[in-house]
Amino acid sequence: MSDVAPSLASELRSHARRLPPARLRRVCDPKNLGFKTTAELKPFDGLIGQQRALEALDLGARIDKPGFNVFVLGERGTARHGTVRALIDQYAAKLPAPSDWVYVANFVQADRPRAISLPPGRAQEFKAAMDHAIDELQSLIPAIFESEEYQARRRTAIDRVNEAQEQAFEALNEKARAQQVALLRTPNGFTFAPLTAGGVMKPEDFNALPDAQRKLVSDKIESLQKDLVVLLERLPAWERERRQKVTELDREHARLSVVDIMQELARTFVDLPEVLSHIEAVTQELIRHAGLFRVSSIAKREEVAPGVALADVTSEMDPRLRRFRVNLLVGDGAKSAAPVVVEDNPSIANLVGRIEQQAQMGALFTDFTLIRAGCLHLANGGFLLIDARRLLLEPYAWEMLKRCLRARAVTIESPMDRVSIMSTQSLKPDPIPLSTKVILFGDRQLYHTLFEGDPDFAELFKIAVDFEDAVDWSDNAVKDYARLIGSIAQRESLRPLSANAVAHVIEELGREAEDASKLSLRIGALADRLREADFWAAEAGHKLIDAADFDRATAAYVRRHDRVSIRSQEMIERNIMLIDTSGAKIGQINGLSVMSLGGYAFGKPSRITARVRMGTGQVNDIEREVELGGPLHSKGVLILSSFLSSRYALDRPPSLSASLVFEQSYGGVDGDSASSTELYALLSALSETPIRQNFAVTGSVNQRGEVQAIGGVNDKIEGYFALCRARGLDGTHAVMIPKANEQHLMLRRDVVDAVEQGKFHIFSVATIDEGIELLTGETAGERAKDGLYPDGTINRRVEDKLIAFSESRRKFAQNSVAIA
C-alpha cells in the first residue's frame, strides 16, 4: 500500500477496502483465445445464453392449440427479431403449404360474396381458367349472335311478333275504313280521320258538314278510338314478347357454347365440389344473361383504345362481366411450405383486409373483386410476426386481432363501420377460417402491462419467450462469442478481427452488461460497433480490424453522444455548479447519479447538504417537498430517518429537525442510491465532523445500517474521475462504493491506469460505520457493554447531539408551560 497518498493513510485504519487495479476491470487475455484472426474460426449459427427462450419458442411454434400464441420479450438490441425470424423460417419449412382462398360472386345474395378454399396452387389455376373461359365466351357468343343463322331466326322471331302487331292494327284500319274512317300514323302517334271519295277529308270540309253528320262521324271515331286504346295498351306486351323471343333465342344459341366451355372447365376441378358448384352456378347465370355478351361486344368496339386488338380486351376490363370472375385472395402458386409474414404496419386494414372502392360516373362502387387480403389471410396456416407497440398504436387493430384469434376466423371489417353514425350498404364477405400463429415482439414493461391490464391477453398469448440480456462470462461463452464475432464479420463482408480486437470486444461486452461476471447479449449493438470498426480499419488501410480500430469506433460513439455530459462538466469546472473536490466540510458531501439520454449514460456529481437543529424528529426531504423527488428517493430518506431514530438516544423522544437537499438540482431525482450519501451528510452535521470533499459516494442503506448495491456504478465512478482529472489528479481523489458492487466493476482503462499510478482510488464499504470512518478519518465507535459509545467517536458525538436536542426540547416545553 505504499502507493497510497499520505492524506489517505488514516483510511487504512478503517474497515473500508481499497480496491487494487485488478479488481476494477476484468481483462480478456487474447493469448487464451487460441487464434490469430477470426478468419480461422468456424461460423457460429446458434444463440448464446438463450436456452430458456429457445425452449419456449420451440413449444410456441409447434403446439397447435388455441391461445398458444407467442409474445417475445426482451431488451432492445438482443437480436430478437432476426433470431426469431430465422428459427420460425425453419419451423415453417417443415409445415405443409396452407390452402388457397378465393372470393366469388354470390348469385343469390349479391352483398355476401362466397369464400372457397382450394388446395395449394389451385386458386391461381382456377382464376386463370375462369378468366380464360369468360374471355373465350366473350369472343365466341358475339360471333354466334352475328351469324346468318342466328340473325335469320332472330328476324323470324321478331317478324312474327311484328306481324301479329301489324295484323291487329290492319284489322282496326279495315274496321275503320268500313265506317268511312281512316287510321293514320303521325309523328305524334295514331289518329283517325273521316274519308271521302277523294281520300282523307280536310278539316275545313269536315267543319262544313251539317251538325248531325259531324256528330255521326265523331261517334264513329270515338268508338274506334276505344279499340285503338286497347291496341296501344298491348304494345308493351308485344315488346316484351319480342324481347322474350330474343332472350330465348340467345339462350338457345348460347347454351351449347356455354355448357361446352364450362364443362371443359369443370373437368379440371372435378375433385373440388365447392368449385364445381360455383361453376354450375356460373353456367346457369351465363345462359340466363347471355345477352350481356352482345352488349359487351358492342361496348368493346366502342371503348377499345386505338392500336389495341379486340381480342386483347379481356373480361377484366368489362364491368358487366366482373361477377363471373374469381378474386384470388390468397395463393400465388409458389408456396411449398407454411408462410411467414412480417407486418410492419399493422393497421386494421392491413391486418384483416379491406374492401376497396372505385369511382364510376361520379360515384363510388364496390364488388367482391375489390376485396383485398390482410396479413392474417396471408399468414393463414403459418406465422405472423408483429411489433406489439406498433399494433397498439393503430386504432382498433388490437381489438380486431383479439376478436379474430378468439373466433378463429378473419372477418373483413372497415374501421369506419365502428365509428360512423350512418349505416351504409356494403359487402359482407364470408369469414375465412383462421389457423395462424401470431408472434408479438415487445419489451418487458409492455408485456407485463398487457398481462395485468388486458384480461384477454393471458388467454390468447400463453407463451412468453423471454430473451436474456446477459450471459455468464465463462471460457465457453468467450469462445462462442469469438465465433459469433467472426460470423458477423463474414456475413457483413467485414474484415476479420485480430485476437486483440476480439479481446477488446469481449471486455466491452462486459462493460455493457455492467457486470464483471457477465457479457451483454445485445448483438445488434455489437454488430453496429463492428461495422464502424471496419470503417476505421479501412480508413487506416488495415487488413484486419485491430484493437485500435475497435477502440476508435467506441471513442467515436462516445464523442457523438457526450455533448450533454461535457457541458455538465464544464459548468462544474467554471463553478456555475458548485462541487468541491478538496478540503473538508461539515454536512456536505459529493453524491453521484447517472443520467441517460438517447441510449448514452454518464455519471454526474452532485453536492448534497444536510442541516440539523432541535425539532420533533422529522427529516425533511426538500426534493420531495417541492415534488422533484420520486417515490424511491423518498423511500431512501425515510429509511435513513428510521436508522437514526432506532440507533441513537433510544430512551429519548426524537427531537431532531433535519433537512436534506441535492443542491442546484433543477430536475427530478429518483432512486435510493444516494440514501447512504445523505446519511453520511446527516451524521457529519450531527457530529460536527467534516467530510473530505475529495471523496464522492454512492450506495443505498437499509435500516440496519448496511450499505447496499446500486446501479450504474461504472458510469458514476467515471463521471467523478473525469471531473477530478480536469481539475488535476493529486492522489487524494477517491470514490466510495458499496462492497456488493465490487463484482460489477468494469471501468475504463484510463481509470484503472490512474488507480494503478496512485492518482485515483476506489474504496468499498459494507456498513455506514465503515463509510463514515473513511470519509472523516475518525473512528465510528461501537456501543459498549454500558450502553454508551466510546468518548470522541463519531457515534458518541451524534448521540450526544441528539440527547442535547432532546433536553433542549424538554426545557423549551417546560418554559412554554410555565409561561402559559
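Below, the structure is looked at part by part. The structure displayed is predicted, hence computed values, not measured ones.

Turning to helix α1 (residues 51-62), a few remarks are in order. Each full turn of the α-helix corresponds to 3.6 residues, which orients residues three or four apart in the same direction. Taking 1.5 Å as the rise per residue, α1 with 12 residues should run 16 Å; its terminal C-alpha atoms sit 17 Å apart, in good agreement. Every buried residue of α1 is listed here: Ala53, Ala56, Leu57, Gly60 and Ala61. Looking straight down α1, one finds that the buried residues subtend no more than 130° of arc, so they occupy a single side. Seen from the open side of α1, the exposed residues pointing more than 90 degrees away from its buried face are Gln51, Arg52 and Arg62. Tucked into the core, α1 has its buried residues touching β2 (70-73), α2 (80-93), β14 (383-387), β17 (437-442) and β18 (463-466).

Let's shift gears to the nonpolar core. It is characteristic of soluble globular proteins that their nonpolar side chains tend to be buried jointly. Within the largest apolar cluster, 41 residues are counted, with the highest numbers of intra-cluster contacts made by Leu644 and Tyr680. Sorting elements by how many residues they give to this core places helix α23 (residues 675-687) first, with 6 residues. Setting aside anything within four residues of it in sequence, one finds Leu644 in contact with Leu656, Leu679, Leu682, Leu683 and Leu686. Cys28, Ala477, Leu494 and Ala556 belong to the second-largest nonpolar core, a separate cluster that totals 39 residues.

One can find Asp515 in the loop between α17 (499-513) and β20 (518-520). Those residues within four positions of Asp515 in sequence are excluded, and the remaining contacts are Gly510, Gln743, His744 and Met746.

So, about the environment of Gln263. Considering the arrangement of structural elements, one finds Gln263 in helix α6 (residues 211-268). Take Gln263: its relative accessible area is 45%, and that puts it in the partly exposed class. Gln263 sits 106 residues away from Thr369 along the chain, and the two C-alpha atoms are 24 Å apart.

Counted by the stated rule, this structure contains 46 salt bridges. The partner of Glu507 in a salt bridge is Arg25, and the shortest N-O contact between them spans 2.8 Å. Of the two residues, Glu507 is situated in helix α17 and Arg25 in the loop between β1 (17-18) and α1; the sequence distance between them amounts to 482 residues. When its relative accessible area of 3% is taken as the criterion, Glu507 is described as buried. The buried category is assigned to Arg25, whose relative accessible area is 8%. With a closest N to O distance of 3.1 Å, Asp750 and Arg748 form a salt bridge. Arg748 gets classed as partly exposed once you look at its relative accessible area, which sits at 27%. One connected set of salt bridges, linked through shared partners, spans Glu399, Lys402, Arg406, Asp454 and Asp456.

We now examine the sheet that holds strand β23 (residues 600-614). Strand order in the open sheet made by the 8 strands is β1-β31-β30-β27-β22-β23-β25-β24, with mixed pairing throughout. For this open sheet the edge positions go to β1 and β24 (618-621), each flanked by a neighbour on one side alone. Where β1 lies against strand β31 (residues 761-765), 2 bridges are found, and the strand directions are antiparallel. By the bridge assignment, Arg18 is partnered in β31 with Phe763.

The next thing to look at is the sheet that holds strand β4 (residues 114-118). Taken in spatial order, the 3 strands make up an open sheet running β4-β3-β8, and their pairing is antiparallel. Each edge of the open sheet is held by one strand with a lone partner, namely β4 and β8 (327-330). Neighbour-to-neighbour, the strand axes of the sheet open up by a mean angle of 30°, direction not taken into account. Bridge count for strand β3 (residues 100-104) against β8 is 3 bridges, and the pairing is antiparallel. Among the inter-strand pairings, Tyr103 is bridged to a residue of β8, identified as Asn327.

Reading guide: rules and limits
Each residue is numbered by its place in its chain's sequence as written, counting from 1. The predicted nature of this model means local features are confined to residues of pLDDT at least 70 and side-chain atom pairs, given and counted, to a pLDDT of 80 or more, with totals for whole chains, interfaces and linings taken over all residues. Only hydrogens and water are removed before side-chain values are computed, so all heavy atoms of the structure are retained for them. Elements are defined by DSSP. Helices are runs of H or I of four residues or more, strands are runs of E of two residues or more, and each kind is numbered from the N terminus. One fewer than the residue count of a helix, multiplied by 1.5 Å, yields its expected span. Note on exposure labels: buried denotes an accessible area under 20% of the residue type's maximum, exposed denotes more than 50%, and partly exposed covers the range between, all computed with a 1.4 Å probe on protein chains only. The directions considered for the arc run from the helix axis to the C-beta atoms. A contact between two residues is defined here by any heavy atoms of the two lying within 4.5 Å. As used here, the term nonpolar core means buried Ala, Val, Leu, Ile, Met, Phe, Trp, Tyr and Cys residues forming a set that is joined through side-chain atoms within 4.5 Å. Every case where a carboxyl oxygen of Asp or Glu lies within 4 Å of a side-chain nitrogen of Lys or Arg is listed as a salt bridge. A strand pair is defined by DSSP finding two or more bridges across the two strands. Axis lines are fitted through C-alpha atoms, for helices just across the contact stretch, and the angle between N-to-C directions can take any value from 0 to 180 degrees.

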